[in-house]
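Spelled out, the chains give:
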Amino acid sequence: MTIVLSAAPTAVYLVSVAVIERVERALGRPSSSAHEERRDTAVALVTQCGANAAAYSFFRHGAVALLPLLGAMFLLDTIEYWAHRAMHANGWAYRNMHARHHSVAPEPMCALLNSALESITTGSLVVGSFWSIGLTWETLIAVSCLAAAKTVWDHSHFSVQHAAHHRNSRVNFEQPFFHIWDSMLGTQLDEETARARGT
């Protein structure tokens, strides 16, 4: 059962990609990534399964409860915001960690197209933080499933919020769930303004 649950975020990601890409094709918006980017993303997804399985032995276990789940979602957003913003602010970090993600236009399958260094660093921060505050492994998996679906959506033609970040790297760092940090720290470009500006 551990292996099946470890693969759940990857399965959610791939189902989300299949559904969204099918709708995009029906609307005349096919994906444009090359085989190499899709392959690299697939490798990251397989690696994620292994990392989730490895984390099983370090975490405590129990049912997923609503308040810890919401807290974990906020914690994930906090880590993603600061890590993402730091990678854009530091030239070395951007070149060596995050530039790979921005090397293609946003599209569902390549939502997790990241360098190995970014994946390891950010993933370790997330897993380490979840473990250190006593969240269950099952909560980690649940949040990862929700994040997988939302991250795929954020990189589809339907998302204006994160698409604005890919056009203007000084805004909309936060993902996948909320926009609290962007709102509080003045880095949010709302959807209406983004549409009006074309950014």
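Scope of this entry: the structure provided in the associated data block. (Residues numbered from 1 in each chain as written. Predicted model: local features only at pLDDT ≥ 70, side-chain atom pairs only at ≥ 80, totals over all residues. Heavy atoms only, no water.)

**A closer look at the packing of aromatic side chains**
Item 1. The tally for this structure, following the rule as stated, stands at eight aromatic pairs.
Item 2. Relative to Trp82, the ring of Tyr81 lies with its centre 5.1 Å away and its plane at 85°, an arrangement referred to as edge-to-face.
Item 3. Residue Trp82 is classed as partly exposed on the basis of its relative accessible area, which comes to 42%.
Item 4. One aromatic cluster is present, formed by Phe74, Tyr81, Trp82, Phe173 and Trp181 through successive ring pairs. (Phe/Tyr/Trp six-rings, centres within 6.5 Å; stacked < 30°, edge-to-face > 60°. Buried < 20%, exposed > 50% of the residue type's maximum accessible area, 1.4 Å probe, protein only.)

**Quick look at the packing of helix α4 (residues 66-89) against helix α6 (residues 116-132)**
Item 1. Orientation of α4 relative to α6, taken along the N-to-C sense of each, is 150°, at an axis distance of 10 Å. Judged by the inter-axis angle, α4 sits roughly antiparallel to α6. Considering only the axes of α4 and α6, their crossing is right-handed. Together, Ala72, Leu75, Leu76, Ile79, Glu80, Ala83 and Met87 of α4 and Glu118, Thr122, Leu125, Val126, Ser129 and Phe130 of α6 make up the contact between the two elements.
Item 2. Across the contact of α4 with α6, the residue classes break down as nine nonpolar, two polar and two charged. (Axes fitted to C-alpha atoms, helices over the stretch in contact; angles between N-to-C directions. Helix = DSSP H or I, 4+ residues; strand = E, 2+ residues; numbered from the N terminus. Parallel < 35°, antiparallel > 145°, perpendicular 65-115°, else oblique. Left-handed = near helix turned anticlockwise from the far one by under 90°. Contact = heavy atoms within 4.5 Å. Nonpolar A, V, L, I, M, F, W, Y, C, P; charged D, E, K, R; others polar.)

**Things to note about the nonpolar core**
Item 1. With 19 residues, the main nonpolar core has Phe59, Leu76, Phe130, Trp137, Leu140, Val143 and Phe177 as its most contacted residues.
Item 2. Secondary-structure elements contributing two or more residues to this core are α4, α6 and α7 (137-154).
Item 3. If we ignore the near neighbours within four places in the chain, the residues touching Val143 are Leu69, Ala72, Met73, Leu76, Phe130 and Phe177.
Item 4. Judged by nonpolar contacts, the second largest core, of eight residues, contains Ile20, Met109, Ala111 and Val152. (Core = buried A, V, L, I, M, F, W, Y, C linked by side-chain atoms within 4.5 Å.)

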